[in-house]
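Structural characterization, general
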Amino acid sequence: MFNGQRVLPFDQTKCQNSAQCTATFVAGDSRVNLFLGLTTFHLLFTREHNRLVSRLQRINPHWTGDRLFQEARKIVGAQIQAICFREYLPKILGSAFATTVGTYRGYNPTVDSTIANEFTAGAFRFGHGMIQEFYPRIAENNRTMPGFNFVEGTLHSDKLIFNGGTDPILRGFMQTPLKRPQRLTPSITEQMFGSTDLGTINIQRGRDHGLPPYVKFRQLCGLSNPRTFDDLSREILSTNAREALRRTYSAPDKIDFYVGAVLEDPVVRGLIGPTLACVVGPQFARTRDGDRFYFENPGIFTRIQLAEIRRSSLARIICDNGDRITQVPREAFRLGPMVSCAEIPQMDLSKWKE
Ligand code: HEM
């Protein structure tokens with residue numbers, strides 16, 4: 001506990017004396033302090049782990065500390081997978097979800113679940129286009145309170161601890177629409193990276209990693225092979241964007257994968273274009289199908305426990321682990337009327353009684 005909040009452990013090396021002390025958290029991923037939103041989600045899932053441990057301890061008083069830790073860890077891993085495959089990916093991939101991820105058919109030991117270079121060095125960085133310039137914060141009873149510019153929210157975990165905790169940030173997220181189109185915002189092109197910028201870094205990283213050009217991915221994904229920049233007009237609708245490509249590249253086959261891919265308009269009911277969907281979807285399918293511990297693989301949980309995991313949701317995680325959240329939209333990733341947390345389904349942990 002710190003300042004009345006349940007927080008992560010502090011990085012002691014960043015606070016050797018009170019005069020030069022920055023509030024920096026440690027977590028399983030070194031990016032935990034990168035952005036207040038990300039820090040908030042690290043906090044939520046750590047709190048969920050501890051919440052599950054206390055509940056499971058009441059249900060199974062004979063379990064050892066180790067057993068409680070491992071069972072809670074297993075459930076949180078399953079909840080994250082459930083949120084990823086049932087709530088997040090369908091919204092990112094829209095109509096491409098069924099064709100690129102599809103239904104789960106059990107563990108397949110021949111599937112290589114490691115991350116593809118083109119996914120991490122290029123495709124999944126589409127998320128950089130989702131970053132917004134300004135994040136509103138919303139207090140209890142829907143009162144607005146000062147929000148923060150993206151850059152103010154980076155590497156500033158102190159703002160979480162001393163400035164209202166998780167809830168105003170979470171309410172702001174749940175009630176702010178996505179940015180469209182998802183172009184890189186000035187914070188990350190002009191402010192955060194000194195003389196370079198995140199778009200440039202992504203392009204250069206793709207080249208470092210030897211990613212083939214955008215047109216090669218189009219071919220692999222069954223799209224047309226463009227001879228002119230206007231041949232891209234089915235996927236890149238904006239004439240301004242095609243004009244900018246024409247000014248920047250000598251020919252369509254010179255376009256960097258990252259640039260062409262993020263300029264595509266989204267697939268039906270999705271948020272990314274067809275070339276990105278064709279790299280992102282199959283990656284998640286392999287991550288799932290080649291994972292013996294994927295939560296829906298028979299034998300990982302009992303059938304009754306699995307039914308409970310399927311009742312979990314990001315909205316429920318927010319209700320249970322925010323500082324004092326009482327209302328959420330039914331689906332945390334979708335704008336909608338705020339309903340009482342009492343209306344959000346929750347797991348019945350008595351199914352873990354032994
Ligand atoms: C919160 C704001 C974010 C910031 C400031 C940020 C910044 C960065 C930076 C500096 C890198 C390293 C680039 C390099 O050296 O190649 C990176 C990598 C990456 N980012 Fe982001 N990012 C953010 C959000 C996101 C989001 C929302 C996504 C996806 C949905 C994403 C996906 C990735 C991926 C896949 C990599 C490559 C990771 C790896 O190869 O290990 N990022 N990001």
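Residues numbered from 1 in each chain as written. Predicted model: local features only at pLDDT ≥ 70, side-chain atom pairs only at ≥ 80, totals over all residues. Heavy atoms only, no water.

1. Brief notes about the domain arrangement of the protein
Here the domain parsing of the protein yields domain 1 (12-106 + 132-178 + 295-352) and domain 2 (186-289). For domain 1 versus domain 2, the separation of C-alpha centres amounts to 30 Å. Across the boundary between the two partners, domain 1 contributes 22 residues, which contact 19 residues of domain 2. Roughly 1700 Å² of surface becomes buried between domain 1 and domain 2 when both sides are summed, with 69% attributable to carbon and sulfur atoms. On inspection of domain 1 and its partner domain 2, the count reaches 5 residue pairs in polar contact (both at pLDDT 80 or more). Going through the elements one at a time, α2 (65-93) and α3 (96-100) are the ones with two or more residues in the side of domain 1 that touches domain 2. The element best represented in the side of domain 1 that touches domain 2 is α2, accounting for 7 residues. Considered class by class, the residues forming the side of domain 1 that touches domain 2 number 13 nonpolar, 7 polar and 2 charged. (Domains from an automatic or database assignment. Contact = heavy atoms within 4.5 Å. Buried area = accessible area lost by both parts, 1.4 Å probe. Polar contact = N/O pair within 3.5 Å; in protein donor to acceptor, adjacent residues only side chain to side chain. Helix = DSSP H or I, 4+ residues; strand = E, 2+ residues; numbered from the N terminus. Nonpolar A, V, L, I, M, F, W, Y, C, P; charged D, E, K, R; others polar.)

2. Remarks on a nonpolar patch on the surface
On the surface, a cluster of nonpolar side chains totalling about 260 Å² of accessible area is made up of Leu-34, Leu-38 and Leu-155. Assignment of secondary structure puts Leu-38 in helix α1 (residues 36-59). (Patch = residues over 30% accessible without salt bridge, like charges linked within 9 Å, V, L, I, M, F, W, Y side chains within 5 Å. Areas by Shrake-Rupley, 256 points an atom, 1.4 Å probe, with all protein chains shown as cover. Salt bridge = Lys/Arg side-chain N within 4 Å of Asp/Glu carboxyl O.)

3. So, the pairing of strand β3 (residues 134-138)
Bridge count for β3 against strand β4 (residues 144-149) is 4 bridges, and the pairing is antiparallel. The residue bridging Phe-134 from the neighbouring strand is Asn-149, located in β4. Between β3 and the antiparallel strand that follows it, β4, lie 5 residues; Asn-141 among them carries a positive phi value of about 55 degrees. (Pairing = 2+ DSSP bridges.)

4. Quick look at the pattern of salt bridges
Throughout the structure, instances matching the rule amount to 24 salt bridges. Of the charged contacts in the structure, one is a salt bridge between Asp-256 and Arg-207, with a shortest N-O distance of 2.8 Å. Of the two residues, Asp-256 is situated in the loop between α10 (239-248) and α11 (257-263) and Arg-207 in helix α8 (residues 198-208); the sequence distance between them amounts to 49 residues. Taking relative accessible area as the criterion, Asp-256 reaches 11% and is therefore assigned buried. A salt bridge links Lys-351 to Glu-308; the nearest nitrogen and oxygen atoms lie 3.5 Å apart. On the criterion of sequence distance, the pair formed by Lys-351 in the segment after β6 (338-340) and Glu-308 in helix α13 (residues 303-309) is long-range, its members being 43 residues apart. On the basis of relative accessible area, Glu-308 is assigned to the buried category, the value being 8%. Counted as one network, the salt bridges with shared partners bring together Glu-48, Arg-51, Arg-316 and Asp-320. (Buried < 20%, exposed > 50% of the residue type's maximum accessible area, 1.4 Å probe, protein only.)

5. As for the state of the cysteines
Applying the stated rule across the entire model yields 3 disulfides. The disulfide bridge from Cys-15 ends at Cys-21, spanning 1.7 Å between sulfur atoms. Sign of the S-S torsion, about -90 degrees for the bond between Cys-15 and Cys-21, identifies this disulfide as left-handed. Cys-15 gets classed as partly exposed once you look at its relative accessible area, which sits at 27%. Classification of Cys-21 as partly exposed rests on a relative accessible area of 39%. Disulfide pairing is shown between Cys-221 and Cys-278; the S-S distance is 2.0 Å. Judged by the sign of its S-S torsion, about -80 degrees, the bond between Cys-221 and Cys-278 is left-handed. Within this pair, whereas Cys-221 is found in the loop between α9 (214-220) and α10, its partner Cys-278 is found in helix α12 (residues 274-289), the two being separated by 57 residues in sequence. (Disulfide = S-S within 2.5 Å.)

6. Quick word on the coordination of the iron atom of the ligand
Inspection of the coordination sphere of the iron atom of the ligand shows a single protein donor, His-128 (NE2), at 2.1 Å. Secondary-structure assignment places His-128 in the loop between α4 (117-120) and β3. (Donors = N, O, S within 2.8 Å, 3.2 Å for Na, K, Ca; no water.)

7. What to know about the environment of Gly-260
One can find Gly-260 in helix α11. Between the C-alpha atom of Gly-260 and that of Ser-113, which follows or precedes it by 147 residues, the distance is 26 Å. Dropping the residues within four chain positions of it, Gly-260 is found in contact with Tyr-214, Ile-236 and Ile-255.

8. Brief notes about α8
Buried within α8 we find Leu-198, Gly-199, Asn-202 and Gly-206. Here the buried residues of α8 occupy an arc of 110 degrees about the axis, which is enough to place them on one side. Where α8 is buried, its residues meet α7 (186-191) and α11. Backbone geometry just downstream of α8 places Gly-210 in the positive-phi region, at approximately 65 degrees. (Arc of directions from axis to C-beta.)

9. Quick look at the packing of aromatic side chains
Tallied over the full model, the rule gives 21 aromatic pairs. Their ring planes at 35 degrees and their centres at 4.9 Å tell us that Phe-35 and Phe-150 sit as a pair that is tilted. Pair noted here: Phe-35 is in the loop between β2 (20-21) and α1 and Phe-150 is in the loop between β4 and α5 (158-162), with a separation of 115 residues, a long-range link. Across the pair, Phe-150 and Phe-35 agree in class, each one buried. (Phe/Tyr/Trp six-rings, centres within 6.5 Å; stacked < 30°, edge-to-face > 60°.)

10. Thoughts on the packing of α2 against α12
Relative orientation of the contacting elements α2 and α12 amounts to 165 degrees, with a least axis distance of 11 Å. In terms of axis orientation, α2 runs roughly antiparallel to α12. Both α2 and α12 take part in a crossing whose hand is left-handed. Residues Cys-84, Phe-85, Leu-89 and Leu-93 of α2 lie in contact with α12, whose contacting residues are Ala-277, Val-280, Gly-281, Phe-284 and Arg-288. Looking at the contact of α2 with α12 residue by residue, the classes come out as 7 nonpolar, 1 polar and 1 charged. (Axes fitted to C-alpha atoms, helices over the stretch in contact; angles between N-to-C directions. Parallel < 35°, antiparallel > 145°, perpendicular 65-115°, else oblique. Left-handed = near helix turned anticlockwise from the far one by under 90°.)

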